[in-house]
Amino acid sequence: LNETSALKRPTIVLHVTKDPDAPLPPPPPPYLEHMADPRASPTMTMLSFYAFPPGGIPDADATADSLRRLWRPFGALGRIYVAQEGVNAQMAIPSNVLDNFLDCCTLPDEKGGKLSDVLGPYMENGINVDPMPVDMAEFRSNPAFKNLHVRVRSQIVADGFETPLDWQSA
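Undergrad: How do you make sense of the pairing of strand β1 (residues 43-51) when you look at a structure like this?
TA: Each regular strand carries side chains that alternate between the two faces of the sheet. Counting buried positions along β1 yields seven of nine residues, so the element is predominantly enclosed. Pairing geometry for β1 and strand β5 (residues 134-135), over two bridges, is antiparallel. Of the residues in β5, the one forming a bridge with T43 is D135. Examined bridge by bridge, β1 and strand β3 (residues 86-94) share eight bridges and lie antiparallel to one another. By the bridge assignment for β3, T45 is matched with I93. As defined by bridge partners, β1 adjoins strand β4 (residues 128-129) across two bridges and the pair is classed as antiparallel. Bridge pairing in β4 links L47 to V129.

Undergrad: What am I meant to see in the packing of aromatic side chains here?
TA: We describe a pair of aromatic rings using the distance from one ring centre to the other and the angle between the two ring planes. The full count for this structure, using the stated rule, is five aromatic pairs. An angle of 10° between the planes, with centres 6.0 Å apart, marks the rings of Y50 and F52 as stacked. F52 gets classed as buried once you look at its relative accessible area, which sits at 4%. On the numbers, 5.5 Å between centres and 90° between planes, the contact of F74 with F101 is edge-to-face. With F74 in the loop between α2 (60-71) and β2 (77-83) and F101 in helix α3 (residues 98-106), the pair connects residues that are 27 residues apart, well separated along the chain. Through a chain of ring-to-ring contacts, three or more aromatic side chains come together here, namely Y31, F49, W71, F74 and F101.

Undergrad: Got a minute to help me understand unusual backbone geometry in this structure?
TA: Both trends apply: most residues other than glycine have a negative phi, and most peptide bonds are in trans. Even without being a glycine, H34 presents a positive backbone phi close to 60°. Its place among the elements puts H34 in the loop between α1 (3-7) and β1. With relative accessibility at 83%, the residue H34 sits in the exposed group.

Undergrad: Teacher, can you tell me more about the nonpolar core here?
TA: Across soluble globular proteins, nonpolar side chains show a tendency to be buried alongside one another. Counting 30 residues, the largest nonpolar core has F49, W71, I80, V82, V87, M91 and L119 as its most contacted members. Mapped by element, the contributors of at least two residues to this core are β1, α2, β2, β3 and α3. Among the elements that line this core, the one with the most residues is α2, at five residues. The residues contacting V82, other than those within four sequence positions of it, are I57, A60, T63, A64, L67, V87, V150, R151, V152, R153 and I156. Membership of the second largest hydrophobic core comes to eight residues, among which are M44, M46, V134 and F139.

Quick notes on the rules
- Residues numbered from 1 in each chain as written.
- Predicted model: local features only at pLDDT ≥ 70, side-chain atom pairs only at ≥ 80, totals over all residues.
- Heavy atoms only, no water.
- Buried < 20%, exposed > 50% of the residue type's maximum accessible area, 1.4 Å probe, protein only.
- Helix = DSSP H or I, 4+ residues; strand = E, 2+ residues; numbered from the N terminus.
- Pairing = 2+ DSSP bridges.
- Phe/Tyr/Trp six-rings, centres within 6.5 Å; stacked < 30°, edge-to-face > 60°.
- Core = buried A, V, L, I, M, F, W, Y, C linked by side-chain atoms within 4.5 Å.
- Contact = heavy atoms within 4.5 Å.

Structure, rendered in structure tokens:
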């Protein structure tokens, strides 16, 4: 054996075929149907909200994963904190998909919503949307957010108390 043949890796060939009996993928949720391309938006819209669902969020990690997955198609950026007490979000959303994003957050389950058990009617004062969108060139030169960060915390409001407040009875 010479040195070059000893270092050569074997070639693997995979033949992949589509299973003709495989079920079709599920249709997209209604809020994604006919959605514009978020990358084509001329502006970004800033928004924020708190949500305090009754009984809290039993699995903050699973909720954080769900938010990341559901908000990825919108090109959403921001900082979101998830805890047992609820959700705290400050975000930037491409303006051309803002209505789709708001539907994603507020539609009830029976209308294709996926977040009504966490957000929906439990948002304190609804979603606060800045009425002045930021031009995309300006946003890119000085972005408020560079990525979508969804983090699990022990509390969503830094109030200085050792245990979270019961926001439902406040």
